[in-house]
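Fold and contact review
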Amino acid sequence: MTKPVIGVLGASGAVGRAAVRELRALGHSGLRLGGRTASALCEVAGENPGGHDETVRADATAPDGLRAFTEGCDIVLNCVGPTYRLRATVASAALAAGAHCVDVAGDDPAAEDLLQGGVPALESRAVVLSAGALPGLSSLLPRWLAGQGLDGVTALTAYCGGLEPCSPTVAHDLMLSLSSGGADGAAYGEALAAVRGGRRAPRALRADEDTAHPEFPGRVAVQPYLSGESERLAGDLGVERLDWYNVHPGPAVRALLNLLPGRLASGEDPDRLAERLILAADLDLAGRKPYYVMDFALSGTASGAPASAGLTLRTASSYRLTAAVAALAVDAALRDTVPAGVHFACDVLDPGAVVRHLRSRGAAGLRLTGTAAGAEPEEEGTL
């Protein structure tokens, strides 16, 4: 049986390189590695000299090069950005080549482009968007937790964030998310908003620039933030109340984030601001160990009585989490467990399979707590 051709675009980047390792761990070989720097791609291929990987120079912003990369692929995994500038560019090229596509981001803008475009290939091919840590795992983990002994869920509180390097794609997407990234041309999310009574409630919460949280070392800043993904999650779980907080342990990054809207409005060069974000992240990280935490607490009922359940995932890098989810989405699409059409990863991946994979890969601090969970803490790992 012929092995499927898996193209990984952006294979030498922070997420792409980790995704290649995850795909190899799932048993996939002979990958087509795409990117703009030949020497970097050769380094990635060299990590598995017997894997017969192919390296191809490809640029997502160059139609001819992108067409040449996707041609002959059975599936394309997109790990490049900026997400909200590319939108459905890579997915459209993959579909035109007769391939499935998984995008570590894409989100609502890419979905809207594809669904409004009437693409015939979607009748037989799948596109999986938001196959990353956030969005993606940020919805998969609460869904899994809700099934661990709770009969019903009434409230969800989440804290997500960490201290790690900032890639150029993340820096640019963060700025673009202030005015795009959500449905119908809106911003990716709304600061200070929450869900109350099952509906979005603007300015329901307050930011705290100097607080403590047991899962985050030292003092941190917390920013309430309601994204389209978390709002959909609230509806899927049927919760009346959802509080979502982005956690910023580094003062340099947090200070710059507070200034971003005004700087962009005044016309400051986004490329220069992206460089400043990258430098701020490096400054915050100096002398400290990188980490990323996702902490969820659910409350509801179990056997008719009030109950709670909690889950904490701690890892060295959110980029590795994104890579793990993306690789699982690729694997699922190749096994035909994803139906044709456009989907968000949280809607088509099995949350239990994702948790089992994270545990098998040594996800650190994946712990369950609460009266409904009935589980002992997991051992620390190294993902």
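What this report covers is the structure whose coordinates are included nearby.

The rules behind these values
Residues numbered from 1 in each chain as written. Predicted model: local features only at pLDDT ≥ 70, side-chain atom pairs only at ≥ 80, totals over all residues. Heavy atoms only, no water. Salt bridge = Lys/Arg side-chain N within 4 Å of Asp/Glu carboxyl O. Helix = DSSP H or I, 4+ residues; strand = E, 2+ residues; numbered from the N terminus. Buried < 20%, exposed > 50% of the residue type's maximum accessible area, 1.4 Å probe, protein only.

**So, the pattern of salt bridges**
- All told, the structure shown has 22 salt bridges when counted by the stated rule.
- We note a salt bridge from E43 to R17, for which the minimum N-O separation is 3.7 Å. Here the residue E43 occupies a position in helix α2 (residues 38–46), and R17 occupies one in helix α1 (residues 14–25), the gap between them amounting to 26 residues.
- For R17, a relative accessible area of 19% gives the class buried.
- Across the pair E47 and R21 runs a salt bridge whose closest N-O atoms are separated by 3.0 Å. One end of the pair, E47, is in the loop between α2 and β3 (54–57); the other, R21, is in helix α1, with 26 residues separating them in the sequence.
- When its relative accessible area of 36% is taken as the criterion, E47 is described as partly exposed.
- A relative accessible area of 41% places R21 in the partly exposed class.
- One salt-bridge network, in which partners are shared between bridges, spans R17, R21, R24, E43, E47 and D53.

**Side note on unusual backbone geometry**
- Here the bond from G81 into P82 is cis, since omega is 5 degrees, no more than 30 degrees from zero.
- Looking at where P82 falls in the secondary structure, it is placed in the loop between β4 (75–78) and α4 (83–86).
- Even without glycine at this site, R203 takes up a positive phi of about 55 degrees.
- Considering the arrangement of structural elements, one finds R203 in the loop between β10 (199–201) and β11 (208–213).
- Phi at S303 is positive, roughly 55 degrees, even though this residue is not glycine.
- Residue position: S303 is located in the loop between β14 (291–302) and β15 (305–315).
- With a relative accessible area of 75%, S303 lands in the exposed category.

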